[in-house]
2 protein chains.
Amino acid sequence: MKHSELIKGTLSTLILKLLEDKGKMYGYEIAQEIKEQSSGKIQIKEGSLYPALHKLEADGHVWAEEVFLGKRIRRYYHLTQKGKTQSTADLNELRQFLSTISSMVSPQNMLTS
Amino acid sequence: MKHSELIKGTLSTLILKLLEDKGKMYGYEIAQEIKEQSSGKIQIKEGSLYPALHKLEADGHVWAEEVFLGKRIRRYYHLTQKGKTQSTADLNELRQFLSTISSMVSPQNMLTS
DNA sequence: TTTAATGCATCAAGAATCTATGTATTTTTT
DNA sequence: AAAAAATACATAGATTCTTGATGCATTAAA
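Quick look at the structure, then. This structure is a prediction, so every number in the text was calculated from the model and none was measured. (Residues numbered from 1 in each chain as written. Chains lettered and ligands numbered in written order. Predicted model: local features only at pLDDT ≥ 70, side-chain atom pairs only at ≥ 80, totals over all residues. Heavy atoms only, no water.)

Residues and elements named next belong to chain A. Pairing is antiparallel across the open sheet formed by three strands, whose spatial order is E1-E3-E2. Single-partner strands in this sheet number two, and they are strand E1 (24-26) and strand E2 (62-69). Adjacent strand axes in the sheet meet at a mean angle of 35° when their direction is disregarded. Note: E1 against strand E3 (residues 72-79), three bridges, orientation antiparallel. Along E3, the bridge assignment pairs Tyr26 with Tyr76. Where helix H3 (residues 27-37) meets the sheet, its contacts fall on E1 and E3, and the angle it forms with E1 comes to roughly 95°. (Pairing = 2+ DSSP bridges. Helix = DSSP H or I, 4+ residues; strand = E, 2+ residues; numbered from the N terminus. Axes fitted to C-alpha atoms, helices over the stretch in contact; angles between N-to-C directions. Contact = heavy atoms within 4.5 Å.)

Right, here's the structure in full:
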């Protein structure tokens, strides 16, 4: 098992959570923030991050504010109302899942022996 | 997000954990056990389960004992030594990941605001 | 008797991530 | 001043995993 396998299905939820907390963020910043909050254990690759952001945008969960910094462009992502609703639902589901899995893999677990 | 997306990367670890706890199990039994331990929240489909078992077998993490029940066949899976080692490593990694993600999505989390 | 449950299995499709690659600017180090 | 690292966006192909659908067959329950 590669650690990265475990992130599957959680990335978009993490992004929505961050946007909810911070108000607005750009891609690179999101990757750095996830890396920092996970103490370096979760490092999102660009090939995962940008497609995920584009999908969130296409689905209407976020919108992008384009800011020109000299010649460089920066896309700040913001939550939409739809994204806020989605974030709440996703977080609830993720937390419940984490709770369920945690109980199943806890060292002392032998529920039905 | 579909709930089922979240299971990705955890299924083989769950299977190894169950085999470690129970000694031996057959496919259908594993699916039922996961369903039961998760209070019905995680329901593994055959299309996920059997390929996962076959992969674990091909990788030498489990071996299959074939038992004939009348005309029906049943494949009991057992952990190999390699599988035991893998199980320990996978569980450690999964637990750490769960801990990390949990702290990131906990409601009060605003680590770097 | 017919439906549900048990028990194995595979295949095509869909979804998500990764690696690799590309472009370009800005900051830091040598 | 030059080189290296960090910043910042993006895409394409490959890989991996789960799903839904399907199939076969036996046994238990309605």
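The next thing to look at is the interface of chain A and chain B. Residue-level contacts link 42 residues of chain A with 42 residues of chain B. For the pairing of chain A and chain B, the buried interface totals around 4000 Å² over both sides, and the portion due to carbon and sulfur atoms is 65%. Counting across the interface, chain A meets chain B through two residue pairs in polar contact (both at pLDDT 80 or more). When contributions to the side of chain A that touches chain B are tallied by element, the ones reaching two or more residues are helix H1 (3-6), helix H2 (11-22), H3 and helix H5 (81-105) of chain A. In terms of residue count, H5(A) provides more of the side of chain A that touches chain B than any other element does, 14 residues in total. For the side of chain A that touches chain B, the per-class residue count stands at 16 nonpolar, 14 polar and twelve charged. (Buried area = accessible area lost by both parts, 1.4 Å probe. Polar contact = N/O pair within 3.5 Å; in protein donor to acceptor, adjacent residues only side chain to side chain. Nonpolar A, V, L, I, M, F, W, Y, C, P; charged D, E, K, R; others polar.)

As a further point, take the protein's contact with DNA strand D. Around DNA strand D, a shell composed of 24 residues is seen, among which Tyr28(A), Arg74(A), Gly47(B), Ser48(B) and Arg72(B) lie nearest. Backbone sugar and phosphate groups make up 72% of those atoms of DNA strand D lying within 4 Å of the protein. Within the side chain of His54(A), a nitrogen or oxygen atom sits 3.2 Å from a phosphate oxygen of DNA strand D. Listed by contribution, the elements that provide at least two residues to the surface near DNA strand D are H3, helix H4 (46-58) and E3 of chain A together with helix H3 (46-58) of chain B. Ranked by residue count, the leading element in the surface near DNA strand D is H4(A), at five residues. Here the residues of the surface near DNA strand D sort into six nonpolar, seven polar and eleven charged. (Near = heavy atom within 4 Å.)

Residue and element names in this part refer to chain B. Strand order in the open sheet made by the three strands is E1-E3-E2, with antiparallel pairing throughout. Each edge of the sheet is formed by a strand with only one pairing partner; in this case those strands are strand E1 (24-26) and strand E2 (62-69). Looking at each pair of strands side by side, their axes are set apart by 30° on average, direction ignored. Taken strand by strand, helix H2 (residues 27-37) contacts E1 and strand E3 (72-79), and its axis lies near 95° from that of E1.

Another aspect to go through is the protein's contact with DNA strand C. Around DNA strand C, the structure places 24 residues, and the nearest of them are Ser48(A), Arg72(A), Tyr26(B), Tyr28(B) and Arg74(B). In DNA strand C, atoms within 4 Å of the protein come 71% from sugar and phosphate. One nitrogen or oxygen atom from the side chain of Arg75(B) is found 3.2 Å from a phosphate oxygen belonging to DNA strand C. Examining the composition of the surface near DNA strand C, we find that five residues originate from one element, E3(B), more than from any other. Residues belonging to the surface near DNA strand C are distributed by class as follows: six nonpolar, seven polar and eleven charged.

So yeah, pure geometry; function would need other evidence.
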